[in-house]
Amino acid sequence: MKIFHTADWHLGKLVQGVYMTDDQRYILQQFLQAIDEEQPDVVIIAGDLYDRALPPVEAVDLLDETLAEIVLKRKVPVLSIAGNHDSPTRLQFGSKLMQESGLHIIGELSKSIEPIILNDEFGEVHFHLVPFVEPSTVKNIFEDDAVTTYDEAMKKVIQIIEEKMDKSKRHVFIGHAFVTPYGEKEHNTSDSERPLAIGGSECVNAEYFKPFHYTALGHLHKAHYVLNETIRYSGSPLKYSASEANHEKGFLIVDLNKDGQVSVAKRPFIPRRDLRIIEGTIQDILKHGISEDYVFVRLTDLTPVVGAMEQIRTVYPNAMHVERKALPRLEDAENGEIVRREQMDEGSLFKAFHKEILGTEPTDFTQQLFEEVLQEMLAEEREGKEVIVK
């Protein structure tokens, strides 16, 4: 069975005030062309179809057009799940009707977790679709008070799947999570992806996925495998922040043979405009050839540059951001490393803000209160609710 694995489309994404919809449409046309060329048996989209719970109309139209091209015109089944940016209830709407045409979108976790079964010349392949869910949701669905972290939640879900798993069949897991080799904390490689939890409790142990012949993951924007080559992130199809400038974007072509062995090839996307980091003095940069690329500029001038962005846009009309590399940067109080403000997580930013305004570090109680409020706001945002700060 030939599988296309993609994720993290983030349709409706806004980068530095620029909507990426046209760039996303350009990439998805390449994806459709690849489907025509490779003739996959199924397409997997492992979460974050949209960039937010209430996407703009243009993003909804683009997803509708693309899925219609794949499922209705090309007759290729699509298996997709909700990510942490999506509204699970909105994605789930009409799912029973859409299944008849081959479009399977799972927005909300159910207690039964029944697989989607597709067939090739060698028999059945069972696809287990597990959308992004909070640990509290898993705790309530399965009535297990021991579930308090994302790691425990995933472990519980997979235990439920394993109890009913037919070992004689081939199995593919589709999930949206922060998976590390043994559940250890790691830093995200993209500034454009928000954390799933505050305080480092978001990581999931990759060993849980050993029962599956292939695990198709979404959430992390850099394509890579975890623990072994059958547990993979496809990465996002476009660069969505300066931290992704060195990523190679594309999607994965997975061949699953009759014995459950997989071979994986990466197929790159060619963007309408690349996203790059440019570094140098203003005089050196103004000597560059004109480019339509999205650029983040780091000036090495030791003195302030008047009208820097206006000057840079004479060469790079789509420049997104400019900063002086020589400017002092915030220090991480815990380890003394120099970091830029945009590289700090919410907890570190709150500590820095508290110290700057009040002159002291926040107490453990204050920090815990902040994290609880932030976690509640993130959860409400995922559901598309209006967030009201009292």
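Residues numbered from 1 in each chain as written. Predicted model: local features only at pLDDT ≥ 70, side-chain atom pairs only at ≥ 80, totals over all residues. Heavy atoms only, no water.

Naming follows an unreviewed UniProt entry, where the chain appears as Nuclease SbcCD subunit D of Lysinibacillus telephonicus. Of the comments in the UniProt record for the chain, the one headed Sequence similarities (unreviewed entry) reads "Belongs to the SbcD family." Looking at the Subunit (unreviewed entry) heading of the UniProt record, one finds this comment for the chain: "Heterodimer of SbcC and SbcD." (UniProt positions renumbered as here; feature names shortened; annotations may be inferred.)

**Q** What is the right way to look at the pattern of salt bridges in this model?
**A** Charged atoms that come close allow side chains of opposite charge to pair. Scanning the model with the defined rule gives 20 salt bridges in all. Residue Asp36 is joined to Arg74 by a salt bridge in which the shortest nitrogen-to-oxygen separation is 2.7 Å. A residue pair is termed long-range when its members are at least 10 positions apart, and Asp36 in helix α1 (residues 21-38) and Arg74 in the loop between α2 (57-73) and β5 (78-81) qualify at 38 residues. Note that Glu114 is salt-bridged to Lys164, the shortest N-O span being 3.2 Å. With Glu114 in the loop between β6 (103-106) and β7 (116-120) and Lys164 in helix α6 (residues 150-164), this residue pair connects regions lying 50 residues apart in the sequence. (Salt bridge = Lys/Arg side-chain N within 4 Å of Asp/Glu carboxyl O. Helix = DSSP H or I, 4+ residues; strand = E, 2+ residues; numbered from the N terminus.)

**Q** Explain the sheet that holds strand β19 (residues 321-324) to me, please; I cannot follow it from the model alone.
**A** Strand pairing in a sheet relies on backbone hydrogen bonds, with the paired strands running either antiparallel or parallel. Read from one edge to the other, the open sheet built from 3 strands follows the order β17-β18-β19, with strand pairing classed as parallel. The sheet terminates laterally at β17 (275-280) and β19, the two strands that pair on one side only. Within this sheet the neighbouring strands show an average axis-to-axis angle of 15°, counted without direction. Pairing of β17 with strand β18 (residues 294-299) involves 6 bridges; the strand directions are parallel. Along β18, the bridge assignment pairs Ile278 with Val297. (Pairing = 2+ DSSP bridges. Axes fitted to C-alpha atoms, helices over the stretch in contact; angles between N-to-C directions.)

**Q** Hey, could you run me through the side chain of Asp48 in this one?
**A** Mapped onto the elements of the fold, Asp48 is located in the loop between β4 (42-45) and α2. Among the polar contacts listed, one links the side chain of Asp48 to the backbone nitrogen of His85, at a separation of 2.8 Å. Not counting the four nearest positions on each side in its chain, Asp48 is found in contact with Asp8, Trp9, His10, Ile81, Ala82, Gly83, Asn84, His85, Asp86, His176 and Glu193. (Polar contact = N/O pair within 3.5 Å; in protein donor to acceptor, adjacent residues only side chain to side chain. Contact = heavy atoms within 4.5 Å.)

**Q** Please clarify how the sheet that holds strand β8 (residues 123-130) should be interpreted in this entry.
**A** Pairing in this open sheet of 6 strands is mixed, and the strands run β7-β8-β9-β12-β14-β13 from one edge to the other. A strand with exactly one partner marks an edge of an open sheet, and here the two such strands are β7 and β13 (224-226). Each adjacent strand pair in this sheet contributes to an overall mean axis angle of 30°, direction not counted.

**Q** Looking at this structure, I do not really get the domain arrangement of the chain. What am I missing?
**A** Often, the extent of an interface is quoted as the loss of accessible area on bringing the components together. Partitioning the chain into domains gives domain 1 (2-268), domain 2 (275-324) and domain 3 (341-387). Between the C-alpha centres of domain 1 and domain 3 the distance comes to 28 Å. (Domains from an automatic or database assignment.)

**Q** Would you explain the confidence of the model for the chain in this entry?
**A** Averaged over the chain, the pLDDT score is 90; the fraction of residues at 70 or greater is 90%. The low-confidence segment residues 331-335, where pLDDT is below 50, has 6 contacts with residues more than four positions distant or belonging to other chains. Overall, residues 386-390 carries pLDDT values under 50, and its contacts beyond four positions in sequence, including any with other chains, amount to 5 contacts. (pLDDT = per-residue confidence, 0-100.)

**Q** Where do I start with α2 in this structure?
**A** Residues three or four positions apart in an α-helix share a direction because the helix packs 3.6 residues into each turn. Compared with an ideal rise of 1.5 Å per residue, which puts 17 residues at 24 Å, α2 spans 23 Å between its outermost C-alpha atoms and is within 8% of the ideal. Every buried residue of α2 is accounted for by Ala59, Leu62, Leu63, Thr66, Leu67, Ile70 and Val71. Looking at the buried positions of α2, the neighbouring elements they touch are α1, β4, β5 and β6. Positioned one or two residues after α2, Lys75 has a phi angle of 60°, which is positive. (Expected span 1.5 Å × (residues − 1). Buried < 20%, exposed > 50% of the residue type's maximum accessible area, 1.4 Å probe, protein only.)

**Q** What am I meant to see in a nonpolar patch on the surface here?
**A** There is a patch of nonpolar side chains on the surface, built from Phe353, Ile357 and Leu358 and spanning about 340 Å² of accessible area. Looking at where Ile357 falls in the secondary structure, it is placed in helix α9 (residues 346-358). (Patch = residues over 30% accessible without salt bridge, like charges linked within 9 Å, V, L, I, M, F, W, Y side chains within 5 Å. Areas by Shrake-Rupley, 256 points an atom, 1.4 Å probe, with all protein chains shown as cover.)

**Q** Please explain the side chain of Gln367 as it appears in this structure.
**A** Positionally, Gln367 belongs in helix α10 (residues 364-382). The exposure class assigned to Gln367 is buried, which follows from its relative accessible area of 9%. When residues no more than four places from it in sequence are discounted, the contact partners of Gln367 are Gly347, Phe350, Lys351 and Pro362.

**Q** It is not clear to me how α1 should be interpreted in this structure. Could you clarify?
**A** Taking 1.5 Å per residue as the helical rise, α1 with its 18 residues ought to reach 26 Å, and the 25 Å between its terminal C-alpha atoms agrees with that figure. Buried residues of α1: Thr21, Asp23, Gln24, Ile27, Leu28, Gln30, Phe31, Leu32, Ala34 and Ile35, and no others.

**Q** How do you make sense of the environment of Lys13 when you look at a structure like this?
**A** Here Lys13 is to be found in the loop between β1 (2-6) and β2 (14-15). With 362 residues separating them in the primary sequence, Lys13 and Gln375 have C-alpha atoms 22 Å apart. Setting aside anything within four residues of it in sequence, one finds Lys13 in contact with Val18, Tyr19, Met20, Gln24, Asp51, Ser192 and Tyr240.

**Q** Got a minute to help me understand the pairing of β6 in this structure?
**A** Moving residue by residue along a regular strand, the side chains alternate between the two faces of the sheet. Residues Leu103 and Ile105 of β6 are buried on one face, and the alternating residues His104 and Ile106, pointing to the opposite face, are buried as well. Of the strand pairs in this sheet, β5 and β6 are connected by 4 bridges, and their pairing is parallel. Within β6, the residue paired with Ser80 across the bridge is Ile105.

**Q** Hey, could you run me through the packing of aromatic side chains in this one?
**A** For any pair of aromatic rings, the description rests on two quantities: the centre-to-centre distance and the angle between the ring planes. Inspection of every chain in the model, using the stated rule, returns 10 aromatic pairs. Between Phe4 and Phe251, the ring centres sit 4.8 Å apart and the planes meet at 45°, which makes this aromatic pair tilted. You can see Phe4 sitting in strand β1 and its partner Phe251 sitting in strand β15 (residues 250-256), a full 247 residues away along the chain. Phe251 matches Phe4 in its accessibility class, with the two residues each being buried. Residues Phe350 and Phe370 carry aromatic rings whose centres are separated by 4.2 Å and whose planes lie at 5° to one another, so their mutual orientation is stacked. Taken together, the positions of Phe350 in helix α9 and Phe370 in helix α10 put the pair 20 residues apart, joining distant regions of the chain. When its relative accessible area of 23% is taken as the criterion, Phe370 is described as partly exposed. Linked through ring pairs, Phe4, Trp9, Phe31, Phe251 and Phe269 together constitute an aromatic cluster. (Phe/Tyr/Trp six-rings, centres within 6.5 Å; stacked < 30°, edge-to-face > 60°.)

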